[in-house]
Each structure stands twice: as structure tokens, then as C-alpha cells.
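One-letter residues, chain by chain:
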Amino acid sequence: MSTLSRNLLVNASLIMAFNVGAQGHDEGVQDNSVEHVTVTGASQSALVMSPKNAVVDGPFGKDKSLTDIARTLTSISSDMLAQLSIDDLQDVLTLVPNTYSASGFGTPSLPTIRGQLGELFQQGLRRQAGNNGFGIPLSFNSVGQIDVVKGAPSVILGTSQRNGGFVNLSNKVATLSGTDIKLQASAGSWQHYRGQVDVNTTIEEGKSGIRVSAEYIDNGSYYDFSAYQSDDLFVAYRLLPDDKSSWDLSFEYFAVDFTDNAGINRPTQKLIDHGLYITGQGVQPNGSQVPGAFAIVSPTGEVKISRSTVLTDPDNINNAQTYVLHSTFERQLNSVHTFTNRSYFQYLNREEIAQNSFVEIIDGAQTAQSRVEINSAWNANQQTTWGVDIRYNDVLGYSQFTTEADLPIDLLGSLTQRRIPLTATQQARLVELRPGVFVSPGANYDVDGDGTLDFSLSDTTDSTTWQTGLFVEQDSDWNDRFSTTFGVRADHYDVTARDAIAPQGQTAAQDSYRQWLYSGSASGRFKLNNDIVTYATYSYSEATSNSMGGGTVLGAGNTINPLNFATENELIELGIKYSPAATPWYVDASVFEQSRSLRNRDGSNTGIIAKGFEAQMFYQSEVVWANLGYSYLDARYDNSASAQDSQQVADAFDNSRPDIILGTGIGAPNFAGFAASNQRVQGIPQQTVSASAGYQILDNWDISGSAIYSKSYPLDYLATVLIRDQITLNLNTSVALTEQSSLRLEVQNLTDEKNWRPVFEGGYFGSTLVFPELPRFVQLSYTYQFKA
């Protein structure tokens, strides 16, 4: 962390802390209800550990309760985030069924929902997250509430690249009454350190307020050559200009240095079950021991490997910087119509230059979006939400992943054995971006006129996208029991893609493409009684398939592939929700069939069909809270082809040591393609169970814990290696030292299980890599909170 960045965070927070007045208190997530009520002198509210009374604003219209929404949805409050130590999107499995995910190379940047990458929204607008499962980490410093929704985004949110489901982040909001200052510091195993200052204060009582939250994280790592360091500054401002309007503005700056952690290569069943690793460096067909395609390993032994020994390199460069602005303005126009404008701008830089020849650089991605929503309440039973949505995305990015080779590397050898210096022949198929850094061009060319294209393509792009959407959604209550929702949307895409770095002597290729995409949904809700609601939902959407930064690449013939705008997604869901007003229970369950497309690493699309069942139950009383979740997922290729880095791990070995492994001698990586089938999708457990509970032992002492169980599943396409049944137990306890201060002890993976998970979504690296999860982790946090 630079001195300038540290001073910016500290000074901004201290200035806020020493310029506050002694006033009332109000905190939480944004509530844009038309009537604005100011409460002063309120005592601290109890923990919110159930989504039962959550209000969801934006994705499905204005201020909806869970029973108003005909989808499976889990709303996670700020208390749930804190009590269950939910620090990233991978952790939501603690509460949300069917969200088991790969490690995302150690830093998950997107949610995984029903076996596929989901989309990330913030304040109801799609956020830039980098590239597929390996983008940039996400800070929760700005987050007040998380809503996790299954299935494609609603017609209000619009078409997007990822359709397994979506997460909507609701920002912390500035108070309009009083002052709240929160200081928190934590220290954990492997030199994990975190500090946060959150200052929330009124500017003008009942009229305006400001909130500043600054977070600094400096984490060492259990894993070799790994670390994580980030700065996040979030500023929120709220203004009530009059009794009919509200305006929320926010700014967030996030800078992070982190590690691309590829886990352990050569995932044999003996590695999974006994921690045994096969040694020996691969040899290419040309005799080189530099890792490369179709290299073959002659096993030299089988030894116990430390789970901290992973595919990382101390000389790798990996960082990102982004800033995000949000504006939400709402005004009651008259007794019928409410006007809402949600606007957003984000700028993102990202750079990874790895010693294994992988390069991914986003040299500026600019994303802006503005959506106007008109909510028309014609009467108590008929309500329409309609509007227009404009989104702009411009990304300049450079990529190179054509020469990676993980299976030939002997992880127990020297660092040199992990590195891939490019040969002159490989360099000739790339373009030198800067001294020693080679990337793929954004198009292909026949330089010598021999009829053969001369370059290796990745995801390099210089592209601009304008997306214009029109939508309408109608909510109708036909009687006290039956209600319906119908929605339609049309999005026009206007895309231009250019070669960002054409080879010397070549004119940069360029192409444009325009296309309308459509989506629609229909649902019905039927109340069996005042406590139980049943529902049925159908959703259809046409979505895009993008490269890094949401950009579009040039494909065959140096043109934009129309198939990038032809990924169809369908959802059929039947569910039931139990939310009795007089008891502390909330329960829901659903069955579903969801078909969608999965973007492969090479840019192609694979059809997936998922069927399943999921249920969740929450209970909260004054001293006890608990939840239980279960999911069953049968995800299969939808008569569709698939690809994998290599057919199986045995391809990397010859058969010189059959006592160690029966090698096929094919060599690896061999870029395997599999014919169209209905094979089960690898890397996803069919069943998961999650549970958590907490108990207030004394007025100043509570204890809580959580457990996650996942059923055995195949790691690779051919199911030659299985991840066994796994369980993770976590335990937390908090003690209030005074009215203002408290201590919290967290123990994650209490029983020190040796668990594994895939490295990357979609199973492409299933035969190549596997991620060893952390052993037991202990963290102690101190919190001081002052209210006035």
C-alpha cells in the first residue's frame, strides 16, 4: 500500500470522525420509500439473521417482500454477513443453496449459482467484474445487503452475459439522524490483518447525511508466494430535497494486489485421497523441458506434497484498480407515478503478467449505465413498472493464454521448471506489447500470403458496445389469493470491435454488428392461506457472450461472430414460500429446470441444462437463530460438445511406472474436445447441505457456528478423479466488553479438514488442476462503536 493511498484512507476517515455532532442514529441499506420518517434516540436494533422481513428494491420492481417475488431468493443482511464471516461470494454457500463454486484461481470475482457463473449487480445495475471466473476480487466494504437470486436477471435489469443467477449488492446508506462511528481491527493466521473505519453522520437533521467507510487489508498467505493487499474507500451521501424526493450518491475506490493461485497440478485420485504427488518434469516432443503442449512425463516418484505448495510464482504481477460511482434519484410525481433514475459509472484497470506466459491486461474499461423507471400504481391491485435503459461499455484489453501448460510442471522442482519463456517461433505468432511482454493480436492475418493465418489468438480486444433497452412489467392482484406478473424487454446492441494491437505492417481489422435481443417472463402466485404462497415462473432471455471486461472479440474472418448474440436461456420454476406473520419462521422450496449456455475458455458456447430442487429454512427468536439449506442439482450438457485442457490427467504420463500411474502417453496439454452428449457437468456436487445457528448465552456473550456438506462429485469430464464427500465446520463467539466495544473470535475449518475444490468454473481445468482449501484458520477481531 502506497503512503499516499494510506494517508487518503486515514485522513478521510479522521476528518469525518472529528467533524460530527451528537445526534440520533439510523443505519442500514437504502430504503427509497416515498414517505421519509426520521427516528431519533433509537436504541440499537436486534440482529437480523433471517431474510423474512427483507425489502428488495430494484430487480423486480419497487420495495418487494420475498413472498411478492416468484423466484427463489435469499436476502443476506449486514448482520448475517458479519455473524457468518461472509467475506467473498464463495462464502454465500453458508446461507444460499446451490451456490457451490470453484475457487476462481483463489480470488472469486463472480457468483456461481445452479452450477454456472452468475451476474453481479450493484444498486440494480450490472457491475464490471473483469473476465469470467477470473476477474478482480470484490470488497464488501461498501455492502449493506446482498440479494442472491436464482435464474436469469429480470426484464427490469436486462440481458447479460451470465445467466445462472445473479447477486445484487445494496450499498451502505448515509444516516439522516445522529452519528455512528465504528472502528474495527482484526488479526488472523498467516499474518492476516484488516482494519476498517466507518463514520456515518448527519449533515442536516432529517435532510441529508454522509457516510465514509475505509478498509485496509494486508494478508499474508498459507500458500507459497501468495499475498493479498487492498485499499477500499467508500463515500455515500443522502439528500431528501423535499417530502417527495430522495437522492443517494456514492463513490468507491478499490485497489488490490493479489495472487493468481492455480492450486496443485496433476490431480490424481491418490492426490485427493492421500496427498500423494507424482514427480518428474515433462518433455516436449522436441526434447525441451520447458512446459509445453503434448509434453510427456516419465514419473520419477510419488511423494507427499504440502498443501501450501501451489502453482504460484514470486515474480508474477497481478493487480487491479477501479472506481465506481452510483446515483439513485427517486421522486413521487403524483398519486400514481413514481420516477426513479439509477445511474452508474465504473473505470477499471487490471494487469497480470505471469511467468508461465499468461498475460491479461485491461488497459482501461469504462462502463456507464443509466436506467429510468416509472412505477405506476394505477390502483391497489394493478401496478406497472416501465422504462428505458442505456448502457455503454468501452474496453481496451490484451490477452495471451495460448502457450500455458500446467501438467508438464513438476511442482516440487525448481521455480525455473514452472516458467515458460517463449521461443522465437512462439513470439513470431504474437505481438510485443512492451519489452518482453507478448500478447495475441485482436485479429488474424496471413502476412506471407501462403494461405495460412500466422497468429495465435486469445481475448485481445478494443471494443465499444451501446446497449439500449425498453422494458415493461405488469403486476396484477386479481383477488386476495391470486396474482400475476408479466414482463417483456427488448435490447438493441450496437457493437464495434477493433484489433487493439495489429502486427507491424498490417492494417488493424475492424467489424461492427447490430442485433436486437429479447426477453420475457410470466409468473403466477397463489396464496393457500395468509402464511403460504405458491408460485410458478417461466423466463426466457437472449444473452451475449463476451470476452474480458465485457468486450467483444473478432472471430473467424476477422468478424464479430453472430453466435455471441444468440445464447438462449430458459427457466421453469415451481415453488412454495411459508412466512407466517405471528411466528419467527421462514421457509421456501422450489423445483426448477434451467437451460443456458456456458462460455468456454476459447470463446465458444456449450449448452447446459440443469434440473434440481432446493430449500431453505430460517428461524429467529430473541436468543436463538438458525438456518438450514439443501440443494440437489443435476447439471448436464444439453446434447452439446465440451472441451477440457486434457482428456485426463493420465495423458501427461508415459507408462514407465505402472506402479505409480497407468499413463496413456498422449502428452498434455492436448486440448481435448468431447462430442455432443448429455454427460454430467464436472466440478459440481449434486447435493449440498448448509446449516448455521447462534445462541445468546448472556446479554454480553453469544456463540454461533456453521457447517457445509457437499456430496462427492467428478473433477474431470471422464470422471477419472472424484472429489469425495466433504464437510466444513466454523465456530464464532463474541463478547461485549463494554457498551461500545467487543471482541470476536472466529475459527474456520474447525476440524482441519483437507478439502478440495475445482480451480475454474465450467470444468475446463478439471483434469489439470485442483485447489486445496485452507486448513484451520483463526482470527480475532476488536470492534469499537460510538453512537450519538
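Report on the accompanying structure.

Conventions we followed
Residues numbered from 1 in each chain as written. Predicted model: local features only at pLDDT ≥ 70, side-chain atom pairs only at ≥ 80, totals over all residues. Heavy atoms only, no water. Buried < 20%, exposed > 50% of the residue type's maximum accessible area, 1.4 Å probe, protein only. Helix = DSSP H or I, 4+ residues; strand = E, 2+ residues; numbered from the N terminus. Pairing = 2+ DSSP bridges. Patch = residues over 30% accessible without salt bridge, like charges linked within 9 Å, V, L, I, M, F, W, Y side chains within 5 Å. Areas by Shrake-Rupley, 256 points an atom, 1.4 Å probe, with all protein chains shown as cover. Salt bridge = Lys/Arg side-chain N within 4 Å of Asp/Glu carboxyl O. Contact = heavy atoms within 4.5 Å. Polar contact = N/O pair within 3.5 Å; in protein donor to acceptor, adjacent residues only side chain to side chain.

## Considerations on the pairing of strand 8 (residues 143-150)
Next up, step 1: Most of strand 8 sits out of view: eight of its eight residues are buried.
Next up, step 2: Where strand 3 (residues 73-77) and strand 8 come together, five bridges link them in antiparallel fashion. Each residue of the ladder has a partner; that of Ser-75, found in strand 8, is Asp-147.
Next up, step 3: Pairing of strand 8 with strand 9 (residues 165-171) involves seven bridges; the strand directions are antiparallel. Bridging across to strand 9, Val-143 finds its partner in Asn-171.

## Observations concerning the sheet that holds strand 8
Next up, step 1: With mixed pairing, five strands are arranged side by side in an open sheet as 3-8-9-6-7. Two strands lie at the open edges of the sheet, namely strand 3 and strand 7 (125-126), each paired on one side alone.
Next up, step 2: For strand 6 (residues 119-122) and strand 7, the ladder comprises two bridges, and the chain directions are antiparallel. Within the sheet, the bridge partner assigned to Phe-121 lies in strand 7 and is Arg-126.

## Points about unusual backbone geometry
Next up, step 1: Here Ala-668 and Pro-669 are connected by a cis peptide whose omega angle stands at 0°.
Next up, step 2: Within the fold, Pro-669 resides in the loop between strand 32 (640-644) and strand 33 (672-677).
Next up, step 3: Of note in this structure, Asn-749 is not a glycine but carries a positive phi near 55°.
Next up, step 4: Checked against the element boundaries, Asn-749 lands in the loop between strand 39 (741-748) and strand 40 (756-757).

## A look at a nonpolar patch on the surface
Next up, step 1: Taken together, the side chains of Leu-183, Leu-698, Trp-701, Val-735, Leu-737, Leu-743, Leu-745, Val-778, Leu-780, Tyr-782, Tyr-784 and Phe-786 make up a nonpolar region of the molecular surface, amounting to roughly 960 Å² of accessible area.
Next up, step 2: Of all the secondary structure elements, the ones that give two or more residues to the nonpolar patch are strand 39 and strand 42 (777-787).
Next up, step 3: If one sorts the elements of the nonpolar patch by residue count, strand 42 sits on top with five residues.
Next up, step 4: With respect to the secondary-structure elements, Leu-183 resides in strand 10 (residues 179-188).

## Concerning the sheet that holds strand 15 (residues 264-265)
Next up, step 1: One open sheet accounts for three strands, arranged 15-41-40; its pairing is antiparallel. Across the chains shown, the open sheet's two edge strands, defined by having one partner strand only, are strand 15 and strand 40.
Next up, step 2: Pairing between strand 40 and strand 41 (residues 769-772): two bridges, direction antiparallel. When the bridges of strand 41 are listed, Arg-757 appears paired with Phe-771.

## Here we look at the pairing of strand 22 (residues 431-434)
Next up, step 1: Bridging between strand 22 and strand 23 (residues 437-439) involves three bridges; their strand directions are antiparallel. Paired with Val-431 across the bridge in strand 23 is Val-439.
Next up, step 2: Where strand 22 hands over to strand 23, the hairpin turn is made up of two residues, of which Gly-436 adopts a positive phi near 85°.

## Here's the deal with the environment of Asn-655
Next up, step 1: Mapped onto the elements of the fold, Asn-655 is located in the loop between strand 32 and strand 33.
Next up, step 2: Along the sequence, Asn-655 and Pro-299 sit 356 residues apart, while their C-alpha atoms lie 8.6 Å from each other.
Next up, step 3: Other than its neighbours up to four places away in sequence, Asn-655 contacts Ile-661, Leu-662 and Gly-663.
Next up, step 4: Within polar-contact distance, the side chain of Asn-655 engages the backbone nitrogen of Gly-663 at 3.5 Å.

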